[in-house]
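Commentary on secondary and tertiary structure
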Amino acid sequence: MELKIIIWIVLGLIYLFARRKKNAVPPAPPRGTVTSTEKYEPEAQSSKPMTFEDLLREIEGSKKPEPVPQPTFHETAKPVPQTYYDEDVPEQRKPLEDTNYDYRKYDKIYEDYDNATKNAFIKPSLEETMKLEDTIVRFNQFKGYQQEPRHHVREELLRDLKDPKGFKKAFILSEILQRKF
């Protein structure tokens, strides 16, 4: 157990040293010279990284729309010609929605339901139409539809083992079930 802990500590130290070496800053060139690949940055910006709030203010500032210049009085004083688009539309307009919709006028389902409920009491019930003499009553009428009981070999063997006369069968069965090889 101690060996595992030592291995983990060594791996952690290697990781920390590698990370420190990776983050090491290369030496800065002299102040007077600027190479073509590097851009000049003031020391204040290079030494202090931008915070999240600064980045957020910069993004929000770029998203704000530029103010639209207000028209002067002379520009608004010009008369604007009005265009009427309703001139070509005929006077008779159909309403877009029927607010006085009555479902009973248009749907036949409700009428059929009402008629069925009215006619239900007119028709005689089963008790009124059925006569006892018309029914056919036979003994074992539905016996052909019953399932036959299944006989299992297991049940038969248990019955034979319980029977004292079935000793011969029991002995043979024990020889079969208890193999010596």
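Each chain carries its own residue numbering, running from 1 in the direction its sequence is written. Local features in this predicted model are restricted to residues whose pLDDT is 70 or higher, and side-chain atom pairs enter the listing and the counts only when it is 80 or higher, whereas totals over whole chains, interfaces and linings include all residues. With hydrogens and water excluded, all non-hydrogen atoms of the structure serve as input to the side-chain values.

Starting at the N terminus, helices and strands are each numbered in turn, a helix being any DSSP run of H or I of at least four residues and a strand any DSSP run of E of at least two. Of the regular secondary structure elements, the protein holds nine helices and zero strands. For the exposure calls, accessible area comes from a 1.4 Å probe over protein chains only, and a residue counts as buried if that area is under 20% of its type's maximum, exposed if over 50%, partly exposed in between. With 181 residues in all, the protein has 2% of them scored as buried. About 20600 Å² of surface is accessible on the protein, with carbon and sulfur atoms providing 59% of the total. The Shrake-Rupley method, run with a 1.4 Å probe sphere, supplies the accessible areas, and residue values consider only the shown protein chains as cover.

With 21 residues, helix H1 (residues 2–22) should cover 30 Å at 1.5 Å per step; its first-to-last C-alpha distance of 30 Å lies within 8% of that length. Little of H1 is tucked away: zero of the 21 residues are buried. The length a helix should cover is 1.5 Å for every residue beyond the first.

It is worth spelling out the pattern of salt bridges at this point. For this document, the term salt bridge refers to a Lys or Arg side-chain nitrogen within 4 Å of an Asp or Glu carboxyl oxygen. Tallied over the entire structure, the rule returns one salt bridge. Between Asp 54 and Arg 57 there is a salt bridge whose closest N-O contact spans 2.9 Å. Note that Asp 54 and Arg 57 are positioned in helix H3 (residues 52–63) at a spacing of three residues, about one turn of the helix. Note on Arg 57: relative accessible area 55%, which makes it exposed.

Before going further, it helps to examine the packing of aromatic side chains. Here a pair means two rings of Phe, Tyr or Trp (six-membered ring of Trp) with centres within 6.5 Å. Their orientation is stacked below 30 degrees between planes, edge-to-face above 60, and tilted elsewhere. Counted under the stated rule, the structure contains one aromatic pair. A centroid spacing of 6.3 Å and a plane angle of 40° characterise the contact between Phe 142 and Tyr 145, whose relative ring orientation is tilted. Looking at Phe 142, the relative accessible area reads 55%, which means it is exposed.

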